[in-house]
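# Analysis of the macromolecular model
For reference, the chains in residue letters:
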Amino acid sequence: MGNGFERLAILMCPPDYFGIEYEINPWMSRSRQSDHDEAVRQWQALREVFDRLGVDIREMEPKPGLPDLVFTANAGLIHRQTVYLSRFRHAARQGETPLNKEWFESAGFEPIELPEGFDFEGAGDALFCGETLFAGYIFRSHANAMQWVGDQIGCRVIPLQLVDERYYHLDTCFCPLDAETAIYHPAAFDDYGRSALEAAVPKLIAVDPVEAQRFCCNAVVIGRHVVLNTGCPLLEQSLHDIGFDTTATPLDEFLKAGGSAKCLTLRLDGEEAAVWSG
Ligand code: ARG
């Protein structure tokens, strides 16, 4: 593996203190609480899927008062031994950063903080496909922050403005499968973004709009295996047609917070679809 991990490694954080304590995206409503026991069961089942696929799962400790710490995709963007730490837009999540920093240091990563004013929500908004960094911006991350990270890494950045508040992070509407293939929800992008995606990704698969609402794009790619929420049969079929296996596991409790499989994970050894050059 690229950066010292012997096998495919993922960071997760148990949902001990997960809940809907504030509303920072249209999916969250304090009047629609998550069921704690069910959330724990769903999270465990997801973890077991990764176990069966041979993933090296690292856990970080949950903390009371930080219900969204479960969404480790937002801890930062990993590039080799470096992690670009998130600078959360909303105060409610800013307390996560020091804990993330501590965890990354203890795991041997070099944490980099972005300049002040550069909102950046890590692997929620910044996704490698091949050597290119696809960068969602407007709701949570600044386009300038993305460019700054791209300059540090020395890679091409394709900024994609997100236009639908329900798809506020890039990983809710776009998912690279390998260096040439990705799935996306076209309505989450403007015309410029759609053409930029079409020009940059040779095999781009549009998902069904109803399945997009099941967060089908928020999938985890483990080699030729895709792990995703239940209720996305059309996408599963399209993936089978191009030679991927799929496992669907229920994640409805996390949908109430605006997250699904991918948000609950952070690839530590390098994203599947990334070809890190240089
Ligand atoms: N409630 C969280 C938030 O709004 C959900 C984060 C989902 N993470 C993701 N990578 N899309 O910030």
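What counts and what doesn't
- In every chain, residue numbers begin from 1 and rise along the written sequence.
- Per-residue local features are limited, in this predicted model, to residues with pLDDT of at least 70; the limit for side-chain atom pairs, both in listing and counting, is 80 or more; totals at the level of whole chains, interfaces and linings are taken over all residues.
- UniProt positions are given in the numbering used here, feature names are shortened, and annotations may be inferred rather than shown by experiment.
- Secondary structure elements follow DSSP: runs of H or I no shorter than four residues count as helices, runs of E no shorter than two count as strands, and numbering proceeds from the N terminus.
- Just to be clear, the radius of gyration here is over C-alpha atoms, and the globule rule we use is 2.2 Å times residues to the power 0.38.
- Backbone-placed C-beta atoms define the burial measure: a residue is buried with 20 or more other C-beta atoms within 10 Å of its own, exposed with 12 or fewer, and partly exposed in between.
- Any pair of residues counts as being in contact when their C-beta atoms, constructed from backbone geometry, are within 7 Å of one another.
- In this analysis, residues qualify as near a molecule or strand once their C-beta atom, positioned from backbone atoms, comes within 6 Å of it.
- Basically, the charged four are Asp, Glu, Lys and Arg, the nonpolar ten are Ala, Val, Leu, Ile, Met, Phe, Trp, Tyr, Cys and Pro, and anything else, Gly included, counts as polar.
- Strand pairing follows a simple DSSP-based rule, namely that at least 2 bridges must link the two strands.
- Place the viewer so that the strands point away; then a crossover is right-handed whenever the path from the first strand over the helix to the second strand goes clockwise.
- The directions from the helix axis to the C-beta atoms form the arc being described.

The protein carries the name N(G),N(G)-dimethylarginine dimethylaminohydrolase in an unreviewed UniProt entry, which gives Stratiformator vulcanicus as its organism. Quoted verbatim from the Sequence similarities (unreviewed entry) heading of the UniProt record, the comment on the protein is "Belongs to the DDAH family."

### Some points on the overall build of the protein
Helix and strand counts for the protein stand at eight helices and 15 strands. Computed over the C-alpha atoms, the radius of gyration of the protein is 17 Å, within 12% of the 19 Å expected from 2.2 N^0.38 for a compact globule of 278 residues. For the protein, with 278 residues in total, the buried portion stands at 47%. Contacts spanning at least 24 positions in sequence make up 67% of the contacts within the protein whose residues lie at least 6 apart.

### Section: the environment of Y168
Along the chain, Y168 turns up in the loop between β8 (156-161) and β9 (174-178). We classify Y168 as buried; it has 24 C-beta atoms within 10 Å. Taking the C-alpha atoms as reference points, Y168 and G258, 90 residues apart in sequence, are found 9.0 Å from one another. Those residues within four positions of Y168 in sequence are excluded, and the remaining contacts are N25, F139, R140 and L162.

### Re the site of the ligand
As a structural note, the neighbourhood of the ligand is formed by 16 residues, with A73, G124, H169, G259 and C263 the closest of them. Among the residues forming the shell around the ligand, the class breakdown is six nonpolar, seven polar and three charged.

### Things to note about the pairing of strand β14 (residues 245-248)
Sheet topology places strand β13 (residues 225-228) next to β14; four bridges connect them, and they run parallel. Bridge pairing in β14 links L228 to A248. For the crossover from β13 across helix α7 (residues 233-241) to β14, the handedness is right-handed.

### Concerning helix α3 (residues 96-106)
Looking only at α3, the buried set comprises E96, N100, W103 and F104. One side of α3 holds all its buried residues, which, seen down the axis, span an arc of 95°. Turned more than 90 degrees away from the buried face of α3, the exposed residues are P98, E105 and S106. For α3, the secondary structure elements touched by its buried residues are β3 (76-79), β4 (82-85), α2 (91-94) and β5 (110-112). Remark: G108 follows α3 within two positions and exhibits a positive phi of approximately 90°.

### A closer look at the UniProt feature "active site" (unreviewed entry) in the protein
In the numbering used here, UniProt assigns the feature "active site" (unreviewed entry) to H169 and C263. These annotated residues cover 95 residues of sequence, and their C-alpha atoms all fall within 9.5 Å of one another, placing them together at a single site. Tracing the backbone through its elements, the reader meets H169 in the loop between β8 and β9. On the basis of neighbour count, H169 is assigned to the buried category, with 28 C-beta atoms found within 10 Å. Once residues within four sequence positions are removed from consideration, H169 is found in contact with E121, G124, D125, G136 and R140. Of note, C263 is situated in the loop between α8 (252-255) and β15 (266-267). Note on C263: 26 C-beta atoms within 10 Å, which makes it buried. The contact partners of C263, leaving out residues within four places of it in the chain, are F71, A73, G124, D171 and N218.

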